[in-house]
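Next come the chains, spelled out residue by residue.
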Amino acid sequence: MEYVTRHVLPGFRLSAGYTLAVLGSCVLLPLAALLWTACELGPAGWWAQVGTRRVLASLRLSFGAALLAATIDVLLGLLVAWVLVRYRFAFRRVCDALVDLPFALPTAVAGIALTALYAPNGWLGSRLAPLGIDVAYTRLGVLLAMVFVGLPFVVRTLQPVLESMESDLEEAAYTLGASPLQRFFRVVLPPLLPTLLTGYALALARAIGEYGSVVFISGNRLFRTEIAPYLIVQKIDSQYDYRGAAALGAVMLAASLMLLVAMAWLQRWTRRWAVLR
């Protein structure tokens, strides 16, 4: 008797081939072209492009601010998602819709709006300046812009999980005398950790590559507020240095992949820990 292997979904070979073709042409092929262009410089030329003080300062700012912004996004995003899911109040749907504003708003418009708001003569900037707090054209402004664009990723990642969580365990912990903090950290937070890490990774990836909203509020001050994407654009627009731009892009790509791999490992570890506990 002959047995015929059947897949659950028909047309698996066609759909898999189409998926691999799209993935290769839209993702793998451009990345391979980027690495190939960067490798044309050779080790000495590559280090001459990325080893300068200006480039290293921009890389430190881009990745350092992105890591801090993603951490802030996780804390704020958890709070916003918790309020939107667990409470009913006036204009809740309006607040829920405003979370998606950074998705719909062009990044350049967001950067101009933040700059106009936090500039020394802006509505908030003029009130913060007497207190000695400068936001626009500083690293604080870069951080603020990255937090702005990354917050929706954390909120929208957490909301479905919070909505699907049953309150039985929380009620049981309450009847056993657990305090609100104990219920949150021992009952609610452990199942949320993998989702929090997912939101963190999404916010981090968005902040690292953000350009439009950061370039306006940063002021692009030499050695202080220049981000790596700005240097890449500058190398192409003003110097036509495609190899130098590719070398800097390859460094950002390698560092981003390392961070995402580390986040994926942490997600697997937290899922295993949540099951074993």
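Predicted model, so just to flag it, every value in this text is computed and none were measured. (Residues numbered from 1 in each chain as written. Predicted model: local features only at pLDDT ≥ 70, side-chain atom pairs only at ≥ 80, totals over all residues. Heavy atoms only, no water.)

**Focus on the overall build of the protein**
So the rule is basically this: In DSSP terms, a helix is any run of H or I states spanning at least four residues, a strand is any run of E spanning at least two, and both are numbered starting from the N terminus. Note on classification: 1.4 Å probe, protein chains only; a residue is buried when its accessible area is under 20% of the maximum for its type, exposed when over 50%, partly exposed between these limits. Note on contacts: a residue pair is in contact if any heavy atoms of the two residues lie within 4.5 Å. We get accessible surface area from the Shrake-Rupley algorithm with a probe of 1.4 Å; when it comes to residues, only the shown protein chains can shield them. Charge convention: Lys and Arg are scored as positive, Asp and Glu as negative, and His as well as the terminal groups of each chain are ignored. A charge is said to be at NZ when it belongs to Lys, at CZ for Arg, at CG for Asp and at CD for Glu.
Check the secondary structure of the protein and you find 13 helices and zero strands. The order of α-helices and β-strands along the protein, N terminus first, is α-α-α-α-α-α-α-α-α-α-α-α-α. With respect to the three principal axes, the spread of C-alpha positions in the protein is 80 × 65 × 30 Å. Across the 277 residues that make up the protein, the buried fraction comes to 36%. Across the protein, the fraction of contacts at a sequence separation of at least 24, relative to all contacts at a separation of at least 6, is 76%. As presented, the protein carries roughly 16900 Å² of accessible surface, and 68% of it is formed by carbon and sulfur atoms. Here the protein contributes 23 positively and 15 negatively charged side chains, and the mean placements of these two sets differ by 5 Å.

**Overview of the UniProt feature "domain: ABC transmembrane type-1" (unreviewed entry) in the protein**
As a reminder, the rule being used: UniProt positions are given in the numbering used here, feature names are shortened, and annotations may be inferred rather than shown by experiment.
UniProt annotation of "domain: ABC transmembrane type-1" (unreviewed entry) refers to residues 59-263 when read in the numbering used here. Secondary structure content for residues 59-263 is 77% helix and 0% strand, while the C-alpha to C-alpha distance between its ends is 20 Å.

**Here's the deal with the pattern of salt bridges**
Where we set the bar: One side-chain nitrogen of Lys or Arg within 4 Å of one carboxyl oxygen of Asp or Glu is enough to make a salt bridge.
Inspection of every chain in the model, using the stated rule, returns five salt bridges. If you follow the salt bridges from partner to partner, you end up with Asp96, Asp100 and Arg156 in one network.

**Considering the packing of aromatic side chains**
Two aromatic rings are characterised by how far apart their centres lie and by the angle between their planes. Put simply, the test is: For Phe, Tyr and Trp, rings pair up if their centres lie within 6.5 Å, where Trp contributes its six-membered ring, and each pair is then called stacked (planes under 30 degrees apart), edge-to-face (over 60) or tilted (otherwise). Whether a charge lies above a ring is judged from NZ of Lys or CZ of Arg, which has to be within 6 Å of the ring centre and within 35 degrees of the ring normal.
Under the defined criterion, the tally for this structure stands at three aromatic pairs. Centroid distance Phe103 to Phe153: 5.0 Å. Interplanar angle 90°. Geometry classified as edge-to-face. Here Phe103 is found in helix 5 (residues 101-104), whereas its partner Phe153 is found in helix 8 (residues 139-164), with 50 residues between them in sequence. Directly above the aromatic system of Phe223 lies the positively charged group of Arg53, at a separation of 4.1 Å from the ring centroid. One Lys or Arg, Arg86, reaches over the ring of Trp82 and ends 4.3 Å from the middle of that ring.

**Observations regarding a positive patch on the surface**
As a reminder of what qualifies: Patches were defined on residues exceeding 30% relative accessible area and lacking a salt bridge, with like-charge contacts within 9 Å and nonpolar side-chain contacts (Val, Leu, Ile, Met, Phe, Trp, Tyr) within 5 Å.
Judged by side-chain charge, Arg53, Arg60, Arg139, Arg221 and Arg224 come together as a positively charged surface patch. Here Arg221 is to be found in the loop between helix 11 (212-218) and helix 12 (228-237). For Arg221, a relative accessible area of 37% puts it in the partly exposed group.

**Observations concerning unusual backbone geometry**
With phi around 55°, Asn220 is a residue other than glycine that occupies positive phi space. Classification of Asn220 as partly exposed rests on a relative accessible area of 21%. In this structure, Phe223 takes a positive phi of about 65° despite not being glycine. Locating Phe223 in the fold gives a position in the loop between helix 11 and helix 12. Overall, Phe223 belongs to the partly exposed group, its relative accessible area being 30%.

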